[in-house]
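Listed below, chain by chain, are the residues.
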Amino acid sequence: MSQSTTILESEEAKDRAATLRNRARLGANQNLLFWYRELYRDQFKDFPNPAALSILEIGSGTSPLKQFLPSVITSDVLDLDYLDLVFDCHEIDKLDAIADNSLDVITLTNVLHHLKSPIEFLNRAASKLKAGGKVIATEPYFSVVSTLIFKYLHHEPVEFRISEPELRYVQGPLGSANIALPWLIFFRNREWLQGLTTNFDFTNCSTRPFSALSYMATGGISRRLPVPRFLYRMLFSVDLALSRRFPNFCAAFFTATLTRR
């Protein structure tokens, strides 16, 4: 076995252990679960009956989506026994388990910023969508407030000065990241979106902010803050409204929806 293979296997083992820890922490954090529940409601608000759709989730290792939408097909690059599919999403177009032109929705939350080439992935994913099918992706939004948090208090890398919409360095599914990458694609370097126009109809492309400080108020996955559940739920709607009224000042996440031609 080569040294590079050994290193890759070691990184994967670390990522698998970290994913299982994060999944357990998320499941024990009721405020964070509420945040995700509201996110999923917002992601699927334009569908009368999401349970009737054919939905594939990319990056389900930690995700609680299946708790709220049991019919979703879960997947990840890590081999975890609670997933429906295990594959590298960069090669989704080669996946025989999902027929071409068969999915209503491909959804992913905080996953695009871990991908080597998000544009290439989206183009490959289009082959699995029906005409009019959607990609729904939620990612960090860089406002005045959230930029300070993501740059100085968050553990994942933030790099604004990039010349191409790709990761410069790749080291394992969790270790590779630039959390600014999706925001740069959708809000700052929109010419990069031209690489998607063959497969997606940009007259039906939408982006909308989702929440300001309410995610941080849960403690996130790494910790749990002692905010009473009833108080958190009361303040969440205010936080959501502020993120949409003043996105460039305080929004922390956004959801992009792309429609297959």
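Right above here is the structure, for reference.
Summary of the structure given here. It should be emphasised that the depicted structure is a prediction, and the values quoted were computed from it without experimental measurement. As a convention, each chain's residues are numbered from 1 in the sequence order in which they are written. It should be noted that, the model being predicted, local features are given only for residues of pLDDT at least 70 and side-chain atom pairs only at 80 or more, the latter also being counted only at that level, while totals for whole chains, interfaces and linings use all residues. Just so you know, side-chain values use all the structure's heavy atoms and leave hydrogens and water out.

## Considering the side chain of threonine 19
As a reminder, the rule being used: Counting from the N terminus, the helices are DSSP H or I runs at least four residues long and the strands are E runs at least two residues long. Buried means the residue's accessible area, taken with a 1.4 Å probe over protein chains only, is under 20% of the maximum for its type, while exposed means over 50%, and partly exposed covers the values in between. The contact definition used throughout considers only heavy atoms, calling two residues in contact when any of these lie within 4.5 Å.
In this fold, threonine 19 is placed in helix α1 (residues 3–28). Note on threonine 19: relative accessible area 3%, which makes it buried. Apart from residues no more than four positions distant in its own chain, threonine 19 is found in contact with Gly61, Thr62, Leu78, Leu80, Tyr82 and Leu174.

## Details of the nonpolar core
Inclusion rule: Take the buried residues of types Ala, Val, Leu, Ile, Met, Phe, Trp, Tyr and Cys, join any two whose side-chain atoms come within 4.5 Å, and each joined set is a nonpolar core.
Among the nonpolar cores identified, the biggest contains 67 residues, and Trp35, Ile58, Ile106, Leu108 and Phe121 are the most heavily contacted of them. Ranked by the residues each element gives to this core, the list is headed by helix α2 (residues 30–43), at 7 residues.

## Brief notes about the pairing of strand β5 (residues 129–140)
Note the threshold: The pairing criterion for strands is at least two bridges between them, as found by DSSP. Looking down the strands as they point away from the viewer, one classifies a crossover as right-handed if the path from the first strand across the helix to the second runs clockwise.
Relative to β5, strand β4 (residues 103–109) runs parallel, the two being bridged by 6 bridges. Looking at β5, one finds that isoleucine 106 is bridged to valine 135. Regarding the hand of the β-α-β motif, the stretch spanning β4, helix α4 (residues 118–125) and β5 is right-handed. In terms of strand pairing, β5 meets strand β7 (residues 253–259) through 7 bridges, oriented antiparallel. From the neighbouring strand, isoleucine 136 faces β7, where its bridge partner is threonine 257.

## A word on helix α8 (residues 229–245)
Where we set the bar: In this analysis, the expected span of each helix is defined as 1.5 Å times one less than the number of residues it contains. The angle separating two fitted axes, one through the seven residues that finish at a residue and one through the seven that start at it, defines the bend at that residue.
Along its 17 residues, α8 runs 25 Å from first to last C-alpha, staying within 8% of the 24 Å computed at 1.5 Å per residue. At leucine 235, α8 shows its maximal bend, which comes to roughly 30°. For α8, the elements touching its buried residues are α2, β6 (206–209), α7 (214–217) and α9 (247–250).

## As for α4
What counts, and what does not: Directions from the helix axis toward the C-beta atoms define the arc.
Along α4, the positions that sit buried rather than exposed are Pro118, Ile119, Phe121, Leu122 and Ala125. Angular distribution of buried residues about the axis of α4 spans 160°; they occupy a single face of the element. Residues of α4 that are buried sit in contact with β4, β5, α6 (181–188) and β7.

## Brief notes about the environment of glutamate 166
By the secondary structure assignment, glutamate 166 is in the loop between α5 (144–152) and α6. For the pair glutamate 166 and isoleucine 185, spaced 19 residues apart in sequence, the C-alpha to C-alpha distance is 9.9 Å. Every residue in contact with glutamate 166, bar those within four places of it in the chain, is listed here: Lys116, Ser117 and Leu181.

## A few points about the packing of aromatic side chains
Inclusion rule: Aromatic pairs are defined between Phe, Tyr and Trp rings, using the six-membered ring for Trp, whenever the two ring centres lie within 6.5 Å; interplanar angles under 30 degrees are classed as stacked, those over 60 as edge-to-face, and all others as tilted. Throughout this description, the term charge over a ring refers to an Arg CZ or Lys NZ atom that lies within 6 Å of the ring centre and within 35 degrees of the ring normal.
Within this structure, the stated rule accounts for 22 aromatic pairs. On the numbers, 6.1 Å between centres and 50° between planes, the contact of phenylalanine 44 with phenylalanine 47 is tilted. Relative accessible area serves as the criterion here: at 6%, phenylalanine 44 is assigned to the buried category. When the centroid spacing of 5.0 Å and the interplanar angle of 80° are considered together, the rings of tyrosine 141 and phenylalanine 187 count as edge-to-face. Placement of the pair is tyrosine 141 in the loop between β5 and α5 and phenylalanine 187 in helix α6, with a sequence separation of 46 residues. By relative accessible area, which is 6% here, tyrosine 141 ends up buried. If you follow arginine 23 out to its NZ or CZ, it ends over the ring of tyrosine 82, 3.8 Å from the centre.

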